Amino acid sequence: MFKQRVISKAVLIALGSAAVAPAFAQEKLERIEITGSRIKKVDLTAPSPILTITSAELKANQDITLDTILNTLPQINPAGTTTSNNPPNGGQSNIDLRGLGANRNLVLIDGRRPMVSQSNQTVDMNTIPVALIDSIEVITGGAGAVYGVDAIGGVVNIKLKRNFQGLEIRGGLSNAAKERDAEEKNVSLTLGGNFADNRGNAVIAMEYSKREGLIKSQRPFAAVATATTGAWPEGAYRPGANTPSQAAIDALYAGYAQTPAGTIPRGSAHSFNTDGTLFYPGVFNNKTLDVINWRYPVDSGVNTRLFPDLYSYNFDAVNILTLPMERRSIMSKLNFKVTDKTEVFSNFGYTRYESRTALAPTPVPTIDVLNPANAKSNQGASSLVEVGKSTGNLLPVPVTNPFIPKDLKTLLDSRTGDNPNLVGSGATEPFLMNWRTVALGLRENRFTNEVTQVVAGAKGELWSDAWTWEAYLSEGRTKIINDVRGNVDTNKLINALGAADGGKSLCEGGVNPFGRQPLSSACQTYLAAPGGQQTTFDQSIGQAFVSGELGELPAGPVSVVGGLEFRNFKYSFDPGAGGGPISGFNAQSPASGKNSFKDVFAEVQIPLLSRAAWARSLDLSVAARQSTSKASDLIKDKSTDSRSSNAFSANLTWVPTTDLRARFSIQKAVRAPNFGELFDGSGSAPQIFDPCSAGSVGRTSGADAAKLSALCQATGVGASVLPTYAQAPGGQLSVNTTGNIDLKPEKGNSLTLGLVFAPTSGPLQGFTGSVDYYSFDVKDAILTPDANQLIASCYNYDGSNAAYSKDHAACKGIVRGGGADITRLTNGYVADGLFAGGNGGRLKTSGLDFSAAWGTKLGPGRLDLGANFNVLLKYQSKTAAYLESQDFEGTVAYFGAGLGQTFPKTRGIFNARYKWSGFSVDGRVRYIGAMDNRMAKNFPGEAFGGVPSVAYLDLGAGWEFRKDMSIRVGLNNAMNKQPPVYSPNVQSGTDPSTYDVIGRRFYVQAQLHFK
C-alpha cells in the first residue's frame, strides 16, 4: 500500500512516546540520507513532499516494468508507456512528473544518474529491473540544486537493496481473464551475502521478463479507426487543378448507378475496383454524396464506422495496442569496508531487451515529390514535375502508363486545364494519385536495446563521524539497433509508374496501383526500403563531495555539503537507408553531437530554533549549484559557447508541536537543451480541426460566419468547393522541425507549501496525513508550436485576427491541397518553412496533493488504509512567443498534442489491506476525473467529445505459508472497466497511456527467500 512517508524513521522515533526515546538516545543512530538532500543526519526530514513506494508495493500487482506502477501515482502524468505505438516513443517508457515533460525531471539510482537512452537525454524505465530495488522515492520541487540543475519537475530516486543476504527467487504471470492474451511473465533470482568477517556484502540479481503484444483488432473499442485516411489500398486519383469535365464524370457514373448529373463535383477523388471501374469515396456527413459503385466486400479493410457515408481504409485493425517486449537484465552491487572509516563500492548493470512498434502498411508518398533539379536527398524526384514546383504528398503518373483502367482514361482524356506543378497540360498532362502498399506488409520498428553501466567509488569518515566524504565514477553506453520494415523507396515507385511497360522491366509483373492488384515478390523486394538504424549514447560522470558539521548553534549543529561533478555525453545516430527518399516512417538524417557539464554544488542546513515557546524546531536548508555546459554538433562542426546556469533552493521546516509539521520550499532550476533540440530534425503529423469544414460551427452559424468563409477562400478553399467541403474525421497535416544550436537553457521556478499531521497519542494515533500546494513555472521553454493553436489563431478563435485577414502571421504557414484539406503547416517566419527550436514557450502548473495513511489492530489482524489524491488547479501552456497561453487543466489529449498531455483535474489512488496470521487481502481503487476534449480549448465554441470519470478496482490476496515462502493472486481492473472512447483522441479511440486498454486480468506470483 502506498504511503507518503513525509518524515524519516528517525523522526517517527522522535515523535513517539517519551518512554521509547531514551532507549535510542543511548545508541549510535545511523545517519540517514533522504531523497532531496545529501546531508545525512539522524533527525533529517524532507522539506519537500516525498512519496515512497516499497519493494513489496512495486511487486504487488505483477507489474514487470516500473512505468506501469509509477504511472498510477497522481503526481506522475502517464507519457511514454507500453502503449506508445503511435505516437511512438521508440519502444521505451519514461516518467513525467507533473506533466512538465520526461526531459524536465531526473531519474536516479541510489542518488546517481543511470544511463540515458534517447536524444532528449531521458532514462528508459524498461532498462531498470525490479528485482534489486528496495524502494522508490518521488520528490517534486526543491531538487535541482541538490542533484542537477535540470531537475525542474523533481526526482525519482530508485534505492537498491543494501546488505542483502540469502537467495530470493520470484516468478509471476498475468493474463487477460477473458481473452487469455496480453500475457506478462517474469522470473528473477537475487543472491547475496556478507564476506570477509561481515566487512563486505555482494549481491547480484538476474531477471527475465516478457510481455505479449496486442493489436487493436483484439479489443472491440479499438478495432475500427475513429479517424480517416486518404491513402487506400485501391489507390486514389487526385485531380488537382486539371480536373475532368463534368460531362465525362456524369456519363461514367450514370452508367454505374444512375447517378444524377452534377452529383459528383469535378475536383473529387476517385478510386478503383479490380474490374477497372471507378468508385466514388463519398463526402463525410453529406447524405447526398455517399460511396458510389463500391464492388469489394464491405468487411475487407473498410472503416465501418463511416461506410457507406464515406469510404476510408481501416488502418487501426493491424496497429499495435500494447507493445511486445522481451527483457534480460543483470544488476550487481558490492560494498566493502577497507577500514573502519573507509568503504569502497561498485554497481554494474546490463539490460538487453527487444520491443516492436507497428503501423498499417505505408501510404505513398509520405514525402514531397519535386523535379530532380530541386529534390533533396530525402525527397522524391520526378521529371514530370515542373522545375521549382512540388506535388506535395502525391505521385505524378504519365498518361502512358499501361495499367491505367479504361474508365479512368475516359476521365483523363476529358481534361482541358493545366496543373502548374506538372509538365504539359490538358489531356496529355500527367495526373496525381496516392496509394497504400498493403503487399509490403506493416511498417515496423524492431528495436534491440542494450544498456551497460559501471559505477565505482569510495566513501568514508574524515576526522570524526560527523564529517564524511564520497567520490565515484560512472561509465555507461546505450546501443539501440532498429530494424525498420515496410518503408517504400519512393523514387523506385516513381520510376516503375513512369516506365512505358509499367515497371515490368524492373520487376516481374510491374507495379499496378489501380485497385487491389497482386504485386509479385520480385516487385515487393524492388520497392521495399529496409533500413538498419543505429543509435549510441556514451556517458561519463564523476562526482565528489564532503559532508559535515561546521559548528553548534543553540538549536543544533550546522550541517553542510560541498562538491564537484562532471558529466560528459556523446550521441550518434546513423539512419542507414532511412535517410533517403523513403515513404513510410519519417525520413531522418545522420546526427552526432556531444555535450558536457561541470558543476559545483553546496548545501547547508541551519537549525534556527529548538524547543521554543512556539516551535519545537525550525530548520532552514539552502542549496545552490552552478553548472557550466557546452555542446557540439559533430556533423555540422558547430559548437555553442560555454554557458553558465545556476540552481538554487531554500527550504524551511517548522515543527510547532509533536503532531504537526509545516514545510516550505522554493526552487530555481534550469535545463540545458538536449541533443534532439540542438541537432535533430524530425517530422510529425498532428490531428487537426479545420474551421473551413462544413461541420464547423464558426463557419456555418457563428457571428462572423461570412467573414470566416471569405477567409477560407482566401487561404485556399475554392469557392465552388466550399459549400460542400467537409473535413473527414481525424484529419492530419505534416509539420517539419529542425534543431537549433543557438538555444538557451530553460528556467524553472517552483514552490511547495505543506502541512503534515502525525498524532503520537490519542484516538488518531497511527494516522499520518498531509496536504501540499505546489506551483511550477518554466520560462524560455523549448516547445514545438501547437499546430491547432496556429490554425485557431489564423481563423480568429483566439481573437488575434479580428480583421479575418489572410496576411495574418499564422495564416502564412497554412498550406492546402487540391481537395481543400490543410496538408501542411510551415513556419511563415522563416524562408525554409521549418520550425526550429526556440525559447519562446512557457509552462505553468499548480495544484494540491492530499495524502493519508492509517493503521490499527482490528479483530485477529491489522487493517491499513491509505490514499493519495491530486487536485490540478492550473496547467497552462504557451508553445511559441507569437502565440497566446492556453489553459489545459481538465482536458484529455488528442493525437499530435504530445505524450503525457492529458490533465484530469482530479486523480487519486486509494488502498486498503487487512492482514492476519500469514494471510492478507487488499484492494486498490485508481480514480481519474472527467475531462473535456483538449481540442475544445483550441477552438472555443466548437463541439468535441470529452470523457467521464473512470475508476478501476484491483483486488489481491496473499499467503505466507512459511517464513521463506509466499504466494499471491489477484485481479487488476476486476470490474473489467473499458476505456472511454472519444474523438479526436490520442490513439485507439482513447488515451491508452491514461486508461486501461487490456481489461480484467488475473495474476499469480510466488516468492522463495532463503537466508
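Residues numbered from 1 in each chain as written. Predicted model: local features only at pLDDT ≥ 70, side-chain atom pairs only at ≥ 80, totals over all residues. Heavy atoms only, no water.

**Q** If you had to explain the overall build of the protein to someone new, which residues and values would you point to?
**A** Summing up its helical and strand segments, the protein has 14 helices and 47 strands in all. Computed over the C-alpha atoms, the radius of gyration of the protein is 31 Å, within 12% of the 30 Å expected from 2.2 N^0.38 for a compact globule of 1011 residues. Seen along its three principal axes, the alpha-carbon backbone of the protein occupies a region of about 100 × 60 × 55 Å. Buried positions account for 57% of the 1011 residues belonging to the protein. For the protein, contacts bridging at least 24 residues in sequence account for 72% of all contacts bridging at least 6. (Helix = DSSP H or I, 4+ residues; strand = E, 2+ residues; numbered from the N terminus. Rg over C-alpha atoms; globule rule 2.2 N^0.38 Å. Buried < 20%, exposed > 50% of the residue type's maximum accessible area, 1.4 Å probe, protein only. Contact = heavy atoms within 4.5 Å.)

**Q** Lay out the sheet that holds strand β3 (residues 133–139) in plain terms, naming residues and giving numbers.
**A** Strand order in the open sheet made by the four strands is β1-β3-β4-β2, with mixed pairing throughout. The two strands at the open ends of the sheet, each matched to only one other strand, are β1 (50–54) and β2 (106–109). Averaged over all adjacent pairs, the angle separating strand axes in this sheet is 15 degrees, with direction ignored. In this structure, β2 lies alongside strand β4 (residues 155–160), joined through four bridges in parallel fashion. What sits directly across from I109, in β4, is I158. (Pairing = 2+ DSSP bridges. Axes fitted to C-alpha atoms, helices over the stretch in contact; angles between N-to-C directions.)

**Q** Describe a nonpolar patch on the surface, listing the residues and the values that go with them.
**A** A contiguous nonpolar surface patch, about 450 Å² in accessible area, is contributed by L608, F648, L652, F664, I666 and L753. Those elements that place two or more of their residues in the nonpolar patch are β29 (643–657) and β30 (660–671). You can see L652 is positioned in strand β29. (Patch = residues over 30% accessible without salt bridge, like charges linked within 9 Å, V, L, I, M, F, W, Y side chains within 5 Å. Areas by Shrake-Rupley, 256 points an atom, 1.4 Å probe, with all protein chains shown as cover. Salt bridge = Lys/Arg side-chain N within 4 Å of Asp/Glu carboxyl O.)

**Q** Tell me about the nonpolar core, and please be specific about residues and values.
**A** Formed by 40 residues in total, the largest nonpolar core has its most connected members in Y253, L408, F431 and V511. Those elements giving two or more residues to this core turn out to be α6 (246–257), β18 (395–397), α7 (406–413), β19 (431–436), α8 (490–498) and α9 (521–527). Looking at this core, the element that brings in the most residues is α6, giving five residues. When residues no more than four places from it in sequence are discounted, the contact partners of V511 are F403, W435, L493, A496, L497, G502, L519, C523 and L527. One finds I688, V735, Y797 and L825 within the second-largest nonpolar core, a separate group that totals 31 residues. (Core = buried A, V, L, I, M, F, W, Y, C linked by side-chain atoms within 4.5 Å.)

**Q** Tell me about the state of the cysteines, residues and numbers included.
**A** Counted by the stated rule, this structure contains three disulfides. Note that C692 is cross-linked by a disulfide to C712, the S-S spacing being 2.0 Å. As the torsion about the S-S bond is roughly -95 degrees, the C692-C712 disulfide counts as left-handed. A residue pair is termed long-range when its members are at least 10 positions apart, and C692 in the loop between β31 (682–684) and α11 (697–700) and C712 in helix α12 (residues 705–714) qualify at 20 residues. You can call C712 buried: its relative accessible area is 0%. (Disulfide = S-S within 2.5 Å.)

**Q** Describe unusual backbone geometry, listing the residues and the values that go with them.
**A** In the segment running from F307 into P308, the intervening peptide bond is cis, with an omega of 5 degrees. Residue P984 is reached from S983 by a cis peptide bond, and omega for that bond is -10 degrees. Relative to the assigned elements, P984 resides in the loop between β46 (965–972) and β47 (1001–1010). Its identity is not glycine, yet N198 carries a phi of approximately 65 degrees, on the positive side. Although it is not a glycine, D780 adopts a positive phi angle of roughly 55 degrees. Relative to the helices and strands, D780 is located in strand β34 (residues 767–781).

**Q** Can you tell me about the pairing of β34, naming the residues and giving the values?
**A** Pairing analysis gives 11 bridges linking strand β33 (residues 746–757) to β34, with the strands arranged antiparallel. Note on β34: the bridge partner recorded for G748 is V778.

**Q** Mind laying out the pairing of strand β24 (residues 556–574), listing which residues take part and the relevant values?
**A** With 19 bridges connecting them, strand β23 (residues 531–553) and β24 associate as antiparallel partners. Opposite F537, over in β24, you have Y571 as the bridge partner. Linking two consecutive strands that pair antiparallel, namely β23 and β24, is a turn of two residues.

**Q** With reference to specific residues and values, describe the packing of aromatic side chains.
**A** Pairs of aromatic rings are described using the distance from one ring centre to the other and the angle between the two planes. Per the stated rule, a full pass over the model turns up 30 aromatic pairs. Consider the rings of F279 and W294, whose centres lie 5.0 Å apart with planes at 80 degrees: the pair is edge-to-face. Of the two residues, F279 sits in strand β11 (residues 278–279) while W294 sits in the loop between β11 and β12 (320–322), which places them 15 residues apart along the sequence. Where F869 meets F910, the ring centres are 6.0 Å apart and the plane angle is 35 degrees; that geometry is what we call tilted. Pair noted here: F869 is in strand β39 (residues 861–878) and F910 is in strand β42 (residues 906–916), with a separation of 41 residues, a long-range link. For F910, a relative accessible area of 33% puts it in the partly exposed group. An aromatic cluster is present here, built from W232, F279, W294, Y296, F307 and Y311 joined pairwise through their rings. We note R98 situated over the ring of Y774; from NZ or CZ to the ring centre the distance is 3.7 Å. Taking the ring centre of F888 as reference, the NZ or CZ of R934 above it sits at 3.7 Å. (Phe/Tyr/Trp six-rings, centres within 6.5 Å; stacked < 30°, edge-to-face > 60°. Lys NZ or Arg CZ within 6 Å of the ring centre and 35° of its normal.)

**Q** So what's going on with helix α13 (residues 787–794)? Which residues, and what values?
**A** Of all eight residues in α13, eight are buried; the element is thus mostly enclosed. Burial in α13 covers these residues: A787, N788, Q789, L790, I791, A792, S793 and C794. On its buried face, α13 sits against α12, β35 (814–816), β36 (822–825), β37 (835–836), β40 (886–887) and α14 (934–938). The backbone nitrogen of N788 lies 2.9 Å from a side-chain oxygen of the residue at the head of α13, namely D786. Directly beyond the C-terminal end of α13, a positive phi value near 70 degrees is found at N796. (Polar contact = N/O pair within 3.5 Å; in protein donor to acceptor, adjacent residues only side chain to side chain.)

**Q** Give a detailed account of the packing of α6 against α7, specifying residues and quantitative values.
**A** Here α6 crosses α7 at 155 degrees, and the two axes come no closer than 9 Å. Comparing their axes, α7 and α6 come out roughly antiparallel. Along its contact with α6, which presents A248, I249, L252 and Y256, the element α7 presents D407, T410 and L411. For the contact of α6 with α7, the class distribution of residues is five nonpolar, one polar and one charged. (Parallel < 35°, antiparallel > 145°, perpendicular 65-115°, else oblique. Nonpolar A, V, L, I, M, F, W, Y, C, P; charged D, E, K, R; others polar.)

**Q** Could you give me a rundown of the pattern of salt bridges, with the residues and numbers involved?
**A** Under the counting rule described, the total for this entry stands at 44 salt bridges. D954 is paired through a salt bridge with R924; the nearest N and O atoms lie 2.8 Å apart. With a gap of 30 residues between them, D954 in strand β45 (residues 950–962) and R924 in strand β43 (residues 919–928) connect regions that are remote in the sequence. Look at the salt bridges and you will find they share partners, linking E326, R328, R352, E354 and E450 into a network.

**Q** Before we move on, can you summarise α7 with the specific residues and values?
**A** All of the buried residues along α7 are D407, L408, L411 and L412. For α7, the angular spread of the buried residues around the axis is 145 degrees, confining them to a single face. (Arc of directions from axis to C-beta.)

**Q** Before we move on, can you summarise the environment of G681 with the specific residues and values?
**A** Structurally, the position occupied by G681 is in the loop between α10 (675–679) and β31. A relative accessible area of 38% places G681 in the partly exposed class. Linking G681 and T535, residues 146 residues apart in sequence, is a C-alpha distance of 15 Å. Those residues in contact with G681, other than ones at most four positions away along the chain, are T737, T738 and G739.

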